[in-house]
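Fold and contact review
If you want the building blocks of each chain, they are given just below.
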Number of protein chains: 2
Amino acid sequence: MRPKNSSPFSPSPLSALKVVALAGGVGGARLVDGLAQVLPAQNLTVIVNTGDDFEYLGLKICPDLDTVCYTLAGIANPVTGWGRINETWNSLESLTTLGGPGWFRLGDRDIGTHLERTRRLKLGERLSQITRDFCNAWGVNLTVLPMSDDLVQTWVYTDEGVLPFQEYFVHRRCQPRVSGFSFEGADQAQPALGVMEALGLADMVVICPSNPWVSIDPILAVPGIKSALGAKFVLAVSPIIGGQTVKGPAAKMYAEMGIEPSAPAVAHHYHMLLNAFVLDQVDAPLATALDDQGIPTLTTHTLMTSADDRRRLAKEVLEFAVKIMEEKPPERRNSI
Amino acid sequence: MRPKNSSPFSPSPLSALKVVALAGGVGGARLVDGLAQVLPAQNLTVIVNTGDDFEYLGLKICPDLDTVCYTLAGIANPVTGWGRINETWNSLESLTTLGGPGWFRLGDRDIGTHLERTRRLKLGERLSQITRDFCNAWGVNLTVLPMSDDLVQTWVYTDEGVLPFQEYFVHRRCQPRVSGFSFEGADQAQPALGVMEALGLADMVVICPSNPWVSIDPILAVPGIKSALGAKFVLAVSPIIGGQTVKGPAAKMYAEMGIEPSAPAVAHHYHMLLNAFVLDQVDAPLATALDDQGIPTLTTHTLMTSADDRRRLAKEVLEFAVKIMEEKPPERRNSI
């Protein structure tokens, strides 16, 4: 019997892996933060959902981009999952005293980000270049890219009408019952500069534990990205643990659309793209069926409560991917 | 000899006087605050310079309107003379960390004002209505009006070119040498709703100790206002004390335009409109010449360092005006 280290697919050390991560908000940001601790900065590119972006008080707000960047910069608010640490709220308090709308909570430091981004966008600069410069200023060395520099707007179809995402998510607190989604502008959008290049060079793509419907699907809706994933080893981490989401409405959305929320439901969501799947140990009994369907699974502790959790999960995810790539190189995967 | 109280022009009690004040920034705001302590709110209207207004970081900033309103609301920063008390600076700090422009100092609470004003202006609302609502929210009961709801922009002609006012005033710290001013848009501007009505009803107009060139002249440049003043008793308070200004570049401007900065220079600036003039006691030796030129003067302590100073000066100004009106009613003044 061949010893493991003489496999025909010699495993790269993790630090040589070129990885692209697709991410939405909190869960995505945390796994990306873990990946950033394991991989050299030049080997990690994050493509972030911008379908949630919107204009509020004249400011261009990019909630997922900011959550990812703030998290990587170590300036994210660890309690709320959005916004910044050591934040003050004087601008919004002053504005609401005057009768202005305060339903979307913007802290003072956060407003500084939005003011500067809005100022530069009005000068005609690209969101991807602005994000790159912001990352440099924040000491974030890896590449964080918006999925597109073009406007893509996520609409949520509900029993109370079609709502812009933030209206549904923040203002209405996800209360309306969901029946579907659309990503306006996606079919005309181009991947941001650097997105296709990073995907072309990647050894693997990690779909982070973000909302499949409204964080990952908008990214996949940008022409070119999904087909680029078809040529790559793709691993997804379930955002659903024990039928529930750590944060956000993914489980509620599955249920309202008639699908029992579960890790396997997430795997099926992506199954045309998937080479490997990671789910929580509490869902271990559900893993066998996925294995039987040809989706290799890793069950582990996926809840990232500490910085160590992020690093450990990232390392396990990458090691598992390398192991599967050795056993079943991507060219043998069913094509989409 | 007739006793004073049987004058043919029976003096109204101060509280019955209907007063319009013309004001720019700090000095104007302080005297207005004094007038507000002496007069019932319904008898005092302030018309404020908006020639300094500008757009910065996409926000509509109205420095003089805000200084007046913040002062009346008791939320002005007493040290800087602009901005708010108990202010924080996190937005601007966050923005400048990202390389954004921080030359115009905006505090967090102040930014809340600008965000809400900008939001409402974009909806097509008038600055005068927004200001009225802001005053209500801040508990300011008297009427504060921008001189116009139309855009008027003060340009400063200098040896370094023609500069927008804030560029000259804040960014360049008044260093370029001044040769003149223009108020772009003034000839097409309409007085804001309420301005002509207040002037029509006024018993007197107080020109506050603000910069004659760039705080008061822009107001007088709005068609209709100067001629309305021609029909009224007009009193001005000198912003120049002992040849210097308490704050701001008025004295420097006079000198650069070849006029010795002095209280009489201010009186001459307005002399076509003036029925009475108030100057500081340190300038008492200069008062005689003005009296000889037919401009009745009051010399008193005009530096407003305490809240009591504001109230006392306002009371003295009004009492002096009533006295002069008794002696020399406005219809006997030289017409302009």
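Now for a look at the structure at hand. (Residues numbered from 1 in each chain as written. Chains lettered and ligands numbered in written order. Predicted model: local features only at pLDDT ≥ 70, side-chain atom pairs only at ≥ 80, totals over all residues.)

Each helix and strand counted, chain A has 13 helices and 14 strands in total. Per-residue burial over chain A gives 51% buried out of 336 residues. (Helix = DSSP H or I, 4+ residues; strand = E, 2+ residues; numbered from the N terminus. Buried ≥ 20, exposed ≤ 12 C-beta atoms within 10 Å, placed from the backbone.)

A word on the interface of chain B and chain A. Counting residues at the interface gives 26 residues for chain B, matched by 26 residues for chain A. When residues of the side of chain B that touches chain A are traced back to their parent elements, those giving at least two are α3 (90-97), α4 (108-122) and α5 (127-138) of chain B. Sort the elements by how many residues they give to the side of chain B that touches chain A and α4(B) lands first, with ten residues. (Contact = placed C-beta atoms within 7 Å.)

Before going further, it helps to examine the relation of the copies chain B and chain A. Relative to chain A, chain B is turned by 180° and slid 0.0 Å along the rotation axis, the superposed coordinates differing by an RMSD of 0.0 Å. Interpreted geometrically, this transformation is the action of a two-fold axis. Judged by C-alpha distance, D108(B) is the residue of chain B that lies nearest the rotation axis, at 3.1 Å. Comparing interface residues between copies, 100% of those in chain B also lie at the interface in chain A; the contact surface is shared. (Least-squares fit on C-alpha atoms with pLDDT ≥ 70 in both.)

Following the sequence through the fold, D308(A) ends up in helix α13 (residues 307-327). C-alpha separation for the pair D308(A) and G34(A), spaced 274 residues apart in sequence, amounts to 8.1 Å.

Pairing analysis gives four bridges linking strand β13 (residues 276-280) of chain A to strand β14 (residues 297-300) of chain A, with the strands arranged parallel. Residue D280(A) lies in a different strand from β14(A), and its bridge partner there is T300(A). (Pairing = 2+ DSSP bridges.)

Each pair of packed helices gets described by two things: the angle between the helix axes and the distance between those axes. Residues and elements named next belong to chain B. Packing of helix α1 (residues 26-38) against helix α13 (residues 307-327) leaves a shortest axis separation of 7 Å and a crossing angle of 75°. With respect to each other, α1 and α13 are oriented roughly perpendicular. For the pair formed by α1 and α13, the contact residues are R30, L31, D33, G34, L35, Q37 and V38 on the first element and R310, R311, L313, A314, K315 and L318 on the second. Among the residues making up the contact of α1 with α13, the classes are represented as six nonpolar, two polar and five charged. (Axes fitted to C-alpha atoms, helices over the stretch in contact; angles between N-to-C directions. Parallel < 35°, antiparallel > 145°, perpendicular 65-115°, else oblique. Nonpolar A, V, L, I, M, F, W, Y, C, P; charged D, E, K, R; others polar.)

Attention now moves to the sheet that holds strand β14 (residues 297-300) of chain B. Residue and element names in this part refer to chain B. Reading across the sheet, the seven strands line up as β5-β2-β1-β9-β10-β13-β14 and stay open at both edges, with parallel pairing between neighbours. Strands with a single pairing partner mark the edges of an open sheet, and in this sheet they are β5 (143-146) and β14. Taken pair by pair, the neighbouring strands of this sheet meet at an average axis angle of 20°, ignoring direction. Along the sheet, α1 makes contact with β1 (19-23), β2 (44-48), β9 (204-207) and β10 (233-237), crossing β1 at roughly 160°.

Function cannot be inferred from these measures alone, as they are strictly geometric.
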